[in-house]
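# Survey of secondary and tertiary structure
Spelled out, the chains give:
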Amino acid sequence: SGNSGFYALQGVEQGANSPQNCVITNNVIQDWASHAMLIDGDGWTMENNRLTRLNGYRWMTYSGSNHVFRRNTVRASRGVLHFTEDEIAALDHPDGTGWYDYQADMFSGSSDTGNNQNVLFEEHWIEDVDNQLGRVDDSHASTFGIIYRRNVFIGVTEQFSGGRDGMKWLNNTFFKTA
């Protein structure tokens, strides 16, 4: 929905200060109707959380640097935004409008300042997801050092967008993915 009131967990900025070194661990979020988490700041750790039956279009939006996202499980999240191939082909994509086909993704790294650096995603189990896998901000050259390591993706119906400098995909498993 874009309304921050719909986040299950959100790091809230206070003036020019973003939350630092926060830990989100061992939580269960299920049957949620919008974004599950908004991460902003520096040095967050998010691990061992279980997110199921998310009915929104994204489980996490992150911005900032030096984050570690580890061993989270996202399952049975079919999403709410669905287009057939014919509908996608018929969508208007005029140059310069900011329209993107990746409006619905499971995790997104985006920032007004381009401050997405040194972020590690590892050992996640992501299964039965009907949205795009994710994207990383393409509009800032300072976005770098994003690593996806030892994750398992099963039944993810759409691709990942974003080819930033220093992005690495290491030892991931993809099974029955698009």
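Our structure's up above, just so we're on the same page.
What comes next concerns the included structure. Since the structure is predicted, the reported quantities are computational estimates derived from the model, not experimental observations.

Thresholds, definitions, all that
- Residues numbered from 1 in each chain as written.
- Predicted model: local features only at pLDDT ≥ 70, side-chain atom pairs only at ≥ 80, totals over all residues.
- Heavy atoms only, no water.
- Pairing = 2+ DSSP bridges.
- Helix = DSSP H or I, 4+ residues; strand = E, 2+ residues; numbered from the N terminus.
- Axes fitted to C-alpha atoms, helices over the stretch in contact; angles between N-to-C directions.
- Salt bridge = Lys/Arg side-chain N within 4 Å of Asp/Glu carboxyl O.
- Buried < 20%, exposed > 50% of the residue type's maximum accessible area, 1.4 Å probe, protein only.

### Points about the sheet that holds strand β12 (residues 125-129)
One open sheet accounts for six strands, arranged β3-β6-β9-β12-β15-β18; its pairing is parallel. Looking at the sheet topology across the chains shown, the edges are occupied by β3 (28-30) and β18 (173-175). With strand direction ignored, the average angle separating the axes of adjacent strands in the sheet is 10°. Bridge analysis of β12 against strand β15 (residues 152-156) gives four bridges, and the strand direction is parallel. Its bridge partner being in β15, W125 is matched across the sheet by V152.

### A few points about the pattern of salt bridges
Under the counting rule described, the total for this entry stands at nine salt bridges. One salt bridge connects R71 with E47, and the closest N-O pair in it is separated by 3.7 Å. A residue pair is termed long-range when its members are at least 10 positions apart, and R71 in the loop between β8 (68-70) and β9 (73-77) and E47 in strand β5 (residues 45-47) qualify at 24 residues. Residue R71 is classed as partly exposed on the basis of its relative accessible area of 36%. For E47, a relative accessible area of 18% corresponds to the buried category. A salt bridge links R71 to E123; the shortest N-O distance between them is 2.8 Å.

Nothing here speaks to function; it is all geometry.
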